[in-house]
Amino acid sequence: MSLKGSLSDRDSKTKALELFKEHRNKVKECIVNLEEVFKALYEKGDCTTPCARLIEKEAEADRLKEQLIELLFKGAFLPLTGEDRLKIIEMNDNVADAAEKTIRALKAYLPWLWDIDQNLKKEIWQLSHKVTELSEHLAKSMELLADDFKSAFQEAENVEKMRRDVRNKGYELVELLFKQKNSDMGATLLVKEIILDIMNVADVAEDASDFITAIVVKYAY
């Protein structure tokens, strides 16, 4: 989607900052939707609506990214170098992409997943909730990057700490999954893939937070 008309330098800066904020929030919405999917799977056994919502939100994030990159290539100002601006936008967008990948896989596997243990469904939902909390710290870190490097760094560190928590919880669930007796091995392997996909969302978010840390070191010291 192209930006219509010509913009002054001041208007370009304002528009770029607005789009940067919109994209950041849209990615966070994707992760919130990811949790809603697993909550619905646990509570209702039907996650069709939140799955569709996440896919739609991810497409909206892509469109915002395209508009923002177009502005950046036109020279719109943000408080970082052009290369850094572009990379952080793309890395944040990767988080939404990872969430969408999880849901695409889940939709494909659903016929195999209806009968998995209800307690396990709840544990997977709780795992996705941890990823939602992590994404909030990432969004806050990006927000603070404009004018408070110290706080941005602290929020990025929170992402790293929470990512470790997600990985520990995820591998505990995988271990629990394979300890279940009389479970269908095909379904078990598919559930394992879903758990690993959720963990990957946290890993991708940590990649973005690591880059924020690198930016702080680059500009603050």
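Cut-offs used in this document
Residues numbered from 1 in each chain as written. Predicted model: local features only at pLDDT ≥ 70, side-chain atom pairs only at ≥ 80, totals over all residues. Heavy atoms only, no water. 1 Å grid on protein atoms, 1.4 Å probe; cavity = no way out; pocket = protein on both sides within 12 Å on 5 of 7 lines; lining within 4 Å. Points joined across faces, edges and corners; volume = space filled by probe spheres on them. Nonpolar A, V, L, I, M, F, W, Y, C, P; charged D, E, K, R; others polar. Helix = DSSP H or I, 4+ residues; strand = E, 2+ residues; numbered from the N terminus. Salt bridge = Lys/Arg side-chain N within 4 Å of Asp/Glu carboxyl O. Buried < 20%, exposed > 50% of the residue type's maximum accessible area, 1.4 Å probe, protein only.

## A few points about the layout of surface pockets
So, point 1. Volume-wise, the second largest pocket comes out at about 150 Å³.
So, point 2. Lining the second largest pocket are Trp112, Asp115, Ile116, Asp117, Leu120, Leu177, Gln180, Ser183, Asp184, Ala187 and Thr188.
So, point 3. Classifying every residue of the lining of the second largest pocket by side-chain character gives 5 nonpolar, 3 polar and 3 charged.

## Comments concerning empty space enclosed by the protein
So, point 1. Considering all chains together, one arrives at 2 cavities of 30 Å³ or more under this definition.
So, point 2. Estimates place the volume of the largest cavity at around 50 Å³.
So, point 3. Only helix 1 (9-43), helix 3 (82-113) and helix 4 (118-144) provide two or more residues apiece to the lining of the largest cavity.
So, point 4. Looking at side-chain class alone, the lining of the largest cavity contains 6 nonpolar, 2 polar and 2 charged residues.
So, point 5. Taken as a whole, the second largest cavity spans an internal volume of roughly 40 Å³.
So, point 6. For the second largest cavity, the full set of lining residues is Phe38, Leu41, Leu106, Leu113, Ile116, Ile124, Val191 and Ile194.

## Notes on the pattern of salt bridges
So, point 1. In the structure shown here, the tally under the stated rule is 15 salt bridges.
So, point 2. The salt bridge partner of Lys101 is Asp197, with a shortest N-O separation of 3.1 Å. Within this pair, whereas Lys101 is found in helix 3, its partner Asp197 is found in helix 6 (residues 185-220), the two being separated by 96 residues in sequence.
So, point 3. When its relative accessible area of 47% is taken as the criterion, Lys101 is described as partly exposed.
So, point 4. With a shortest N-O distance of 2.9 Å, Glu206 and Arg163 are connected by a salt bridge. Here the residue Glu206 occupies a position in helix 6, and Arg163 occupies one in helix 5 (residues 149-179), the gap between them amounting to 43 residues. Of the two residues examined, Glu206 and Arg163, each falls in the buried class.
So, point 5. Each of the salt bridges in this network shares a partner with another, and the network as a whole consists of Lys26, Glu29, Lys57 and Glu60.

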